[in-house]
Amino acid sequence: MERIRLIMSDIDGTIMPPGSKSVSARTVAAFHAAREAGIVIGPASGRGLRQIPAFFAGDDSCCLTCVATNGLEVYHEGEKICERRPPRAALEQLMDVLAEEPGAGIVAFDGALPYLCCGDVGDLAAVMPGYAKACRPLGCLPDFDALKVNVFAPRDMPATVEFCERLNRSIEGIDFDVPMAGYLNIMPAGWNKGTALQLLCDHVGISVEEAVVFGDAGNDLTMFRVAGHPVAVGNATPEASAAARWHIGRCEDDAVAAAIEALAAGEWPFAA
């Protein structure tokens, strides 16, 4: 069995099924088992750090090591080792572009509080109803430099991917990727889950070959390209599934928890 020293997992659609408000008790217990076995473990999510502990029933120990905001926040054992923010000039350019894009808009976050910077709350509700319910209409970029900023535009997955590619070609200084249909992450150019994972490995002092990562969607691809052992859950998008080295069962069946339990016990849960 190959030695594994780091495990990172996406949250939505990977360890937390759609419609759920938290991961399973088994997943929390599996995270604890990995920590007790001396494995560094944590979530790697597009969610902001302040949103994440609630998904683990408030158990902060599960996210002391964390890649949050799609790689813009990186923590190890509670110590912040990196924070990146999208440049405001690029966001202002994006605002101008989206003004000509039907149904599209921007939501920026102050911690867990979403602000609707442009676009219609009804279109946001079609993609992220929870954010639409909680958001505060602003009509412009916030007066602070937001860490977590997203684009929304009600579209199916192929149209969302095309929209993302078009924005990546037209906006300088920021990159976009697709975590789900109708929704795009925004990162400073060249920064993503993959670069954050490499930084975390360097900080901990391990090789990427000693890292297992779990994911299900387009924003996990950069992480899959870095880690020695990228693993797709059974409900992953075709793109994520094709990029993975290993494949397991579905999120709804606690497949990631089962794999982590095995790794913590010194067993190898993956087969070609």
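Given the structure is predicted, the values throughout are model-derived calculations rather than measurements.

## Considerations on the environment of Glu 92
- Among the structural elements, Glu 92 can be located in helix α2 (residues 88–98).
- Residue class for Glu 92 comes out partly exposed when judged on its relative accessible area of 41%.
- On a C-alpha basis, the gap between Glu 92 and Gly 42 in space is 33 Å, while along the polypeptide they are 50 residues apart.

## Considering the layout of surface pockets
- Of the pockets and cavities examined, the largest pocket occupies roughly 920 Å³.
- As for the largest pocket, its lining consists of 34 residues, and the residues nearest its centre are Asp 12, Met 16, Arg 47, Met 128 and Met 180.
- Of all the elements in the fold, those that place two or more residues in the lining of the largest pocket are α4 (129–134), β10 (174–180) and β11 (183–188).
- Looking at the lining of the largest pocket, its residues break down into 18 nonpolar, ten polar and six charged.
- In this model, the second largest pocket occupies a volume close to 280 Å³.
- Phe 176, Asp 177, Val 178, Gly 218 and Leu 221 are the residues nearest the centre of the second largest pocket, which is lined by 17 residues in total.
- Contributions of two or more residues to the lining of the second largest pocket are made by α5 (157–170), β10 and α7 (221–226).

## Section: the sheet that holds strand β2 (residues 40–43)
- A sheet is described by the order of its strands in space; here five strands give the open sequence β2-β1-β12-β13-β14, paired in parallel fashion. Both outer strands of the open sheet, β2 and β14 (246–247), are each paired with one neighbouring strand and no more.
- Pairing of strand β1 (residues 6–9) with β2 involves four bridges; the strand directions are parallel. Across the sheet, Ile 7 pairs through a bridge with Ile 41, a residue of β2.
- Strands in contact with helix α9 (residues 255–264) are β1, β2 and β12 (211–215); relative to β12, the strand with the most contacts, it is inclined by about 170°.

## Notes on the sheet that holds β11
- The six strands are arranged β8-β7-β6-β9-β11-β10 in an open sheet whose pairing can be described as mixed. The strands lining the two open edges of the sheet, one partner per strand, are β8 (136–137) and β10.
- Both strand β7 (residues 113–118) and β8 contribute to a ladder of two bridges, which runs parallel. Along β8, the bridge assignment pairs Leu 116 with Pro 137.
- On top of the sheet, α5 reaches β9 (149–152), β10 and β11; it is set at about 170° to β10, its chief contact.

Rules behind the numbers
Within every chain, residues take consecutive numbers counted from 1 along the sequence as written. Side-chain atom pairs in this predicted model are given and counted only at pLDDT of 80 or more, local residue features only at pLDDT of at least 70, and totals for whole chains, interfaces and linings cover all residues. Computation of side-chain values covers all heavy atoms of the structure but excludes hydrogens and water. Counting from the N terminus, the helices are the DSSP runs of H or I reaching at least four residues and the strands are the DSSP runs of E reaching at least two. Each residue gets one of three labels from its accessible area relative to the maximum for its type: buried under 20%, exposed over 50%, partly exposed in between, using a 1.4 Å probe on protein chains only. Think of a 1 Å grid over the protein atoms and nothing else: a 1.4 Å probe that fits but is trapped marks a cavity, an open set flanked by protein within 12 Å on at least five of seven lines marks a pocket, and residues with an atom within 4 Å of a point count as lining. Grid points are joined across faces, edges and corners, and a volume is the space filled by probe spheres set on the points. Under the scheme applied here, ten amino acids are nonpolar (Ala, Val, Leu, Ile, Met, Phe, Trp, Tyr, Cys and Pro), four are charged (Asp, Glu, Lys and Arg), and all others, including Gly, are polar. DSSP bridges decide pairing: two strands pair if at least two such bridges lie between them. By the convention used here, residues are in contact when the closest approach between their heavy atoms is within 4.5 Å. With axes taken as lines fitted to C-alpha atoms, and helix axes fitted only over the stretch in contact, angles between N-to-C directions fall between 0 and 180 degrees.

Coordinates in, geometry out; function isn't part of it.
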